[in-house]
Amino acid sequence: MSRRFLRRLCLRTLLVWALVCLAMLALQRPLMASLLPYVDVIVRLLQSDFVASLRVVEVQGQCLIQLTPLLMRAVPLTNELALKPFVELEPFFVSVNHALVPLVLLIAAVGSWPVASYGEALVRMLLSVAALPLVLALTTPVLLVGRMQMAVVELALEHGATFHEPALVGLLIFMESGGRWLLPLALAVACVVASNRLCIGPKALPKIIRQPSPFSSVNKSRFRASRL
Amino acid sequence: MGPTGPARAFEEAGSRGRKFRPALFLLVFAAVYTLLHFAYFALPDRLLRDQVHYYGIVLPAAEIVNLVAPREAVYAAHGALKSSNASLRIVRGCDGAGVAFLLVAAVSASAARLKYKLLGILGAALLTYALNELRVVGLYFVVAYRDGWFSPLHNYFVPIFIILAGSVFFLCWSAWAREAEARST
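One numbering rule holds for all chains: residues counted from 1, following each sequence as written. Just so you know, chain letters begin at A and ligand numbers begin at 1, following the order they were written in. In keeping with the model being predicted, local features are shown solely for residues with a pLDDT of at least 70 and side-chain atom pairs are shown and tallied solely at 80 or more, while totals for entire chains, interfaces and linings include all residues.

> Looking at this structure, how should I read the overall build of chain A?
Only DSSP runs of H or I reaching four residues or more are called helices, and only runs of E reaching two or more are called strands; each is numbered from the N terminus. The number of helices and strands found in chain A is eight helices and five strands. Walking chain A from its N terminus toward its C terminus, one meets helices and strands in the order α-α-β-β-β-β-β-α-α-α-α-α-α. Any residue whose C-beta has 12 or fewer other C-beta atoms within 10 Å is treated as exposed, any with 20 or more as buried, and any in between as partly exposed, C-beta atoms being built from the backbone. Classification of the 228 residues of chain A by burial places 33% in the buried group. Pairs at least 24 residues apart make up 68% of the contacts formed inside chain A by residues separated by at least 6 positions. Residues are defined as contacting one another if the C-beta atoms placed from their backbone atoms lie within 7 Å.

Written as structure tokens, this is what we have:
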């Protein structure tokens, strides 16, 4: 990688970051509203204690995802106490901006790396579109369900239960402390490498490099010989 | 045509010396990241707030704000940057540790000599510290004068920028380390 390439990459990254962030910010509300049915499916797959009523609300100019859990079965807090089924709990809120970060990061990271051809750009775009649901599934629903489970654990602790961390809370902490950045970046690298290999091929590159130039010394002498 | 992807960068790296092994990279990366993650969460809240954050982040940030805008009269409290205009809380995760851990793990897992890795880790730590300090100072002014901008900047623009800056740093460092190794052999 030359210095010129790295300088261009820095500028390109800055430009893509600004453009993608602004575009997604402008579209945050309709975009997140359209993604909520998918988030709901993942929330149902992650747990069976509650069903979630999800919607995007605006509070003091800030777009938030509101999750209102309706308990579907009794959730034990201690040996004696349990949350009753079919009761609606207090809603949880997650900022839409916060939820969009991994998606924006994937798009920005994929868009920052230069492409060799339109074909590669198309393949890369298709691969990143395929990666987006995975990123979304492992971030926002985990955060929502994890927060619900944390609230239950806190309630149980208030009633004298011993602390035990649900597995999903562990995943939530991991994702929120860096995993939600690592996942889109790793997938972006995978998309770039895969599109590069699919369109150029791993063995095509050395052949192109090793192919002798038509004006190499050997060819020049042959050219002179043929003219003589 | 210039480089078109990490695939080519990896091939170049392989042809110049140490070969890039994706499985080894992933293994070392995951091990180092997990180790740092658990070590960070093993730190008690009080130690983090009263020692690490206070002396490492809040106190220098207060000095910078007072240097730039003496009228703010900001003071460093335990876990917050305070003035008559604003109060900015600094909690676990506001220290840029997540980005620093990712970068340190990526540099540690790379196929480079120990000397270059240590320089890379030092560079990663300095970059994340500087960007985070800039973020804290910037967010203080946002809270003080443009409160409505706080959420989009804090939750959205700034983290994405810092992560992308860290990624570009990693690419620059790996290109530099590769060149330096090729020159020395």
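> Explain the overall build of chain B to me, please; I cannot follow it from the model alone.
A count of helical and extended segments in chain B gives six helices and three strands. Mapped in sequence order, the helices and strands of chain B form the string α-α-α-β-β-β-α-α-α. Along the three orthogonal principal directions, the C-alpha set of chain B runs to about 60 × 40 × 30 Å. Within the span of chain B, comprising 185 residues, buried residues form 37% of the whole. Long-range pairs, those at least 24 residues apart, make up 66% of the contacts in chain B with a sequence separation of at least 6.

> Just to check I follow, could you spell out the sheet that holds strand E2 (residues 62-71) of chain A for this structure?
Hydrogen bonds between backbone atoms are what pair the strands of a sheet, whose relative direction is either parallel or antiparallel. All names here are of chain A. A sheet is described by the order of its strands in space; here three strands give the open sequence E1-E2-E5, paired in antiparallel fashion. Strands at the two margins of the open sheet, each flanked by one partner only, are strand E1 (50-59) and strand E5 (92-95). Averaged over all adjacent pairs, the angle separating strand axes in this sheet is 25°, with direction ignored. Sheet analysis places E1 next to E2, joined by ten bridges and oriented antiparallel. If you follow Ser53 over to E2, its bridge partner there is Thr68. Strand pairing is assigned whenever DSSP detects at least two bridges linking the two strands. A fitted line through C-alpha atoms represents every axis, and for helices the fit uses only the stretch in contact; the resulting angles, taken between N-to-C directions, go from 0 to 180 degrees.

> What is the right way to look at the environment of A:Ser53 in this model?
Residue and element names in this part refer to chain A. The residue Ser53 is located in strand E1 in this model. Given 13 C-beta atoms within a 10 Å radius, Ser53 is considered partly exposed. Sequence spacing of Ser53 and Glu88 is 35 residues, and the spatial spacing of their C-alpha atoms is 9.8 Å. Other than its neighbours up to four places away in sequence, Ser53 contacts Thr68 and Leu70.

> Sorry, what's going on with the interface of chain A and chain B here?
For interface size, the figure often reported is the accessible area lost on association. In this complex, chain A contributes 37 residues to the contact, which on the side of chain B involves 31 residues. Listed by contribution, the elements that provide at least two residues to the side of chain A that touches chain B are helix H1 (3-26), helix H3 (96-112) and helix H6 (167-199) of chain A. Ranked by residue count, the leading element in the side of chain A that touches chain B is H6(A), at eleven residues. For the side of chain A that touches chain B, the class distribution of residues is 27 nonpolar, nine polar and one charged. Amino acids outside the nonpolar list (Ala, Val, Leu, Ile, Met, Phe, Trp, Tyr, Cys, Pro) and the charged list (Asp, Glu, Lys, Arg) are all regarded as polar, and Gly is one of them.

> Even after reading the chapter, I still don't get the sheet that holds strand E3 (residues 87-89) of chain B, so can you show me in this structure?
All names here are of chain B. Within the open sheet, the three strands sit side by side as E1-E2-E3. Their pairing is antiparallel. Whereas interior strands pair on both sides, the edge strands pair on one side only; in this sheet they are strand E1 (75-77) and E3. This sheet shows a mean twist of 20° between the axes of neighbouring strands, independent of strand direction. Taken together, the three bridges between strand E2 (residues 80-82) and E3 define a ladder with antiparallel strand orientation. Within E3, the position partnered with Leu81 by the bridge is Leu88. Across the sheet, helix H3 (residues 45-68) is in contact with E1 and E2; its angle to E1 comes to roughly 160°.

> I tried to follow the nonpolar core on my own but got confused; where do I start?
Joining buried Ala, Val, Leu, Ile, Met, Phe, Trp, Tyr and Cys residues through C-beta atoms within 7 Å gives a set, and that set is a nonpolar core. If you look at the biggest cluster of nonpolar residues, it comprises 75 residues, and the most contacted ones within it are A:Val104, A:Leu105, A:Leu106, A:Ala108, B:Leu102, B:Leu103 and B:Ile160. No other element matches H3(A), which puts twelve residues into this core. Aside from chain neighbours lying at most four places away, what touches A:Leu106 is A:Ser128, A:Ala131, A:Leu132, A:Val135, A:Pro184, A:Leu187 and A:Ala188. The next biggest cluster of nonpolar side chains, apart from the first, holds 17 residues, and it includes B:Val58, B:Ile90, B:Val136 and B:Val143.

> I would appreciate a short explanation of the environment of B:Ala30 in the present structure.
Residue and element names in this part refer to chain B. Among the structural elements, Ala30 can be located in helix H2 (residues 22-42). A count of 13 C-beta atoms within 10 Å places Ala30 in the partly exposed class. Counting along the chain gives 28 residues from Ala30 to Val58, while the straight-line C-alpha distance between them is 31 Å.

> In this structure, what is going on with H1(A)? I would like to understand it.
Every α-helical turn comprises 3.6 residues, leaving residues that sit three or four positions apart pointing alike. In this scheme, a helix's expected span is set at 1.5 Å multiplied by one less than its residue total. Its 24 residues place the ends of H1(A) 35 Å apart at the C-alpha level, agreeing with the 34 Å of an ideal helix rising 1.5 Å per residue. Taken together, the buried positions of H1(A) are A:Leu9, A:Thr13, A:Trp17, A:Val20, A:Cys21 and A:Met24. Of the surrounding elements, those touching the buried residues of H1(A) are helix H2 (28-46) and H3 of chain A together with helix H6 (150-184) of chain B.

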